[in-house]
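What the coordinates show
Chain by chain, the residues:
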Amino acid sequence: MNQPRPTQEGVPPVSWKTGVVWMGCGSLVLWRLLAGHRFRLPLVSLPACACDLSCGLFNSALGTLQDLLLGRSVGRVALDDDPLFVIGHWRTGTTLLHELLALDPRHRCPTNYECFVPRHFLISERWLKPCIRFLLPRNRIADSMPVAWDLPQEDEFALLALGAPSPYLSIAFPNEPPQFGAYCSLEALSPAELAGWQRTLTDFFRRLIWKQPGRLVLKSPTHTFRLPVLEELFPRARYVHIVRDPYTVFPSTIKLWKSLFAAQSYQQPNYEGLDERVLSTFCRMYERFEATRGRVEPGRICDLRYEDLVRDPVGQMRHVYEHLDLGDFGALAAAVEAYFGQRGDYRPSRYTLTAEQHAAVTRRWLPYMQRYGYAASDGPATGRDGGFQAGK
């Protein structure tokens, strides 16, 4: 569990009772992470780290038991080659889109519980999930949207907990240079490293389908880098690519990483270089995405604007279903309307970019703006966070 931390600028304080992603890792995974940073832990983080290591032993033991009981059965699961991937940069609306797609009973989305304890959810969910309900905050720190164990979650957290090197590992030690950047695009990996990553991913997918069949619907911004690898694994995969006004995406992404660092790290984060990290990651993501999206036939990838989605959710979701041939949408229209109706009182946060931030976004993200129809403005802008107002 977290230790109480002082409030950071723009980031609410985090309760010591809030769970952290490291609590879902196996003991060897967490040990390697700590050893990679030479166990340079501040004294205040030692109790939390000891708790995480204890959880790691528990996870490893339950994972071994699950393998003994169900390993052969899970290994025989045949994966369809046409999952649906929700891709796009952080804070562009990928979570909203994922939750809307999860309303379809034909879809199979990994949940928070499955992604945060991926090693043993098949045998532990019924009895463990009620016991650890208190570890979840009521709302996400980054944008105050609801949180529950059964809501969809991005599979990158499962890969991290299962031991696949992930760029998210840098969250643990945010004051040090980012590591595992090669695991964004995967293009620089050796054949053995790539095979290991693919095996971890597909083994997790098999567990999901063993528990509940359906079309897999996966969401992770990191997958935006990975079209060639995903195409190799799933040659009939479909993709929904969502974009958003960059002047909103930038400050909202800054808040996201500040929130994650404050809640999940073993260090007191200083946020040095965070603006540059966000700017450069965005550029690398879209250079890679635009260079590789041609490998996907146009009928298997659908571009969507966040602003259009919140203005006309039923019409835009119908368009996605028709473009990607996902089946009949008619029965889901009411569910989509109800989803927005339940969140109609949500009010997004607002941010004002500095002149320097505004100029950097305009200069470095201009190709994205031009491709997806966003106008570059001349002066500092005010952006809204990741929420929406129903019917607007």
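A brief structural summary. (Residues numbered from 1 in each chain as written. Predicted model: local features only at pLDDT ≥ 70, side-chain atom pairs only at ≥ 80, totals over all residues. Heavy atoms only, no water.)

Turning our eyes to something else, we now look at the overall build of the protein. Helix and strand counts for the protein come out as 16 helices and seven strands. Here the protein holds 392 residues, and the buried ones make up 57% of them. Summarising the internal contacts of the protein: among those between residues at least 6 apart in sequence, 80% fall at separations of at least 24. Element-wise, carbon and sulfur atoms account for 55% of the exposed surface of the protein, whose accessible area totals about 16800 Å². (Helix = DSSP H or I, 4+ residues; strand = E, 2+ residues; numbered from the N terminus. Buried < 20%, exposed > 50% of the residue type's maximum accessible area, 1.4 Å probe, protein only. Contact = heavy atoms within 4.5 Å. Areas by Shrake-Rupley, 256 points an atom, 1.4 Å probe, with all protein chains shown as cover.)

Now for the layout of surface pockets. By volume, the second largest pocket amounts to about 380 Å³. Looking at the second largest pocket, it is lined by 19 residues, and the ones nearest its centre are Asp67, Arg119, Leu162, Asp203 and Arg207. Sorting the residues of the lining of the second largest pocket by element identifies α2 (46–75), α6 (156–162) and α8 (191–211) as the ones contributing at least two each. Here the element with the most residues in the lining of the second largest pocket is α2; it accounts for seven residues. Grouping the constituent residues of the lining of the second largest pocket by class yields six nonpolar, seven polar and six charged. (1 Å grid on protein atoms, 1.4 Å probe; cavity = no way out; pocket = protein on both sides within 12 Å on 5 of 7 lines; lining within 4 Å. Points joined across faces, edges and corners; volume = space filled by probe spheres on them. Nonpolar A, V, L, I, M, F, W, Y, C, P; charged D, E, K, R; others polar.)

On the surface, Leu65, Leu68 and Leu69 cluster together to form a nonpolar patch covering roughly 330 Å² of accessible area. Secondary-structure assignment places Leu65 in helix α2. (Patch = residues over 30% accessible without salt bridge, like charges linked within 9 Å, V, L, I, M, F, W, Y side chains within 5 Å. Salt bridge = Lys/Arg side-chain N within 4 Å of Asp/Glu carboxyl O.)

The strand order β2-β3-β1-β4-β5 describes an open sheet built from five strands, whose pairing is parallel. Edge positions in the sheet fall to β2 (107–108) and β5 (301–305), since each of these pairs with one other strand and no more. Contacting β1 (84–87), β4 (238–243) and β5, helix α11 (residues 274–292) runs over the sheet at an angle of about 140° to β4. (Pairing = 2+ DSSP bridges. Axes fitted to C-alpha atoms, helices over the stretch in contact; angles between N-to-C directions.)

Let us now look at the nonpolar core. Counting residues in hydrophobic clusters, the biggest one holds 91 residues, and the most contacted among them are Trp22, Tyr239, Trp257, Tyr266 and Trp365. Of the residues forming this core, the biggest block, nine residues, is contributed by helix α10 (residues 246–264). (Core = buried A, V, L, I, M, F, W, Y, C linked by side-chain atoms within 4.5 Å.)

Turning to unusual backbone geometry, a few remarks are in order. Phi at Arg38 takes a positive value of approximately 55°, unusual for a residue other than glycine. Tracing the backbone shows Arg38 in the loop between α1 (27–36) and α2. A positive phi angle, near 55°, is found at Asp325, a position not held by glycine. Take Asp325: it is sitting in the loop between α13 (313–324) and α14 (333–342). For Asp325, a relative accessible area of 56% corresponds to the exposed category.

The next thing to look at is the packing of α2 against helix α5 (residues 121–131). Contact pair α2 / α5: the axes reach a minimum separation of 9 Å and the direction vectors enclose 120°. When the axes of α2 and α5 are compared, the pair comes out oblique. Facing Phe58, Leu62, Leu65, Gln66, Leu70 and Val74 of α2, the residues of α5 in contact are Phe121, Leu122, Ile123, Ser124, Trp127 and Leu128. Within the contact of α2 with α5, the residues separate by chemical class into 10 nonpolar, two polar and no charged. (Parallel < 35°, antiparallel > 145°, perpendicular 65-115°, else oblique.)

The buried fraction of strand β3 (residues 215–219) amounts to five of the five residues, a majority that puts the element mostly inside the structure. Alternating positions in β3 separate into two faces, Arg215, Val217 and Lys219 on one and Leu216 and Leu218 on the other, with burial throughout. Relative to β3, β1 runs parallel, the two sharing three bridges. Counterpart to Leu84 in the pairing with β3 is Val217. Summarising the sheet, β2 and β3 pair through two bridges and their orientation is parallel. Bridge pairing in β3 links His107 to Arg215.

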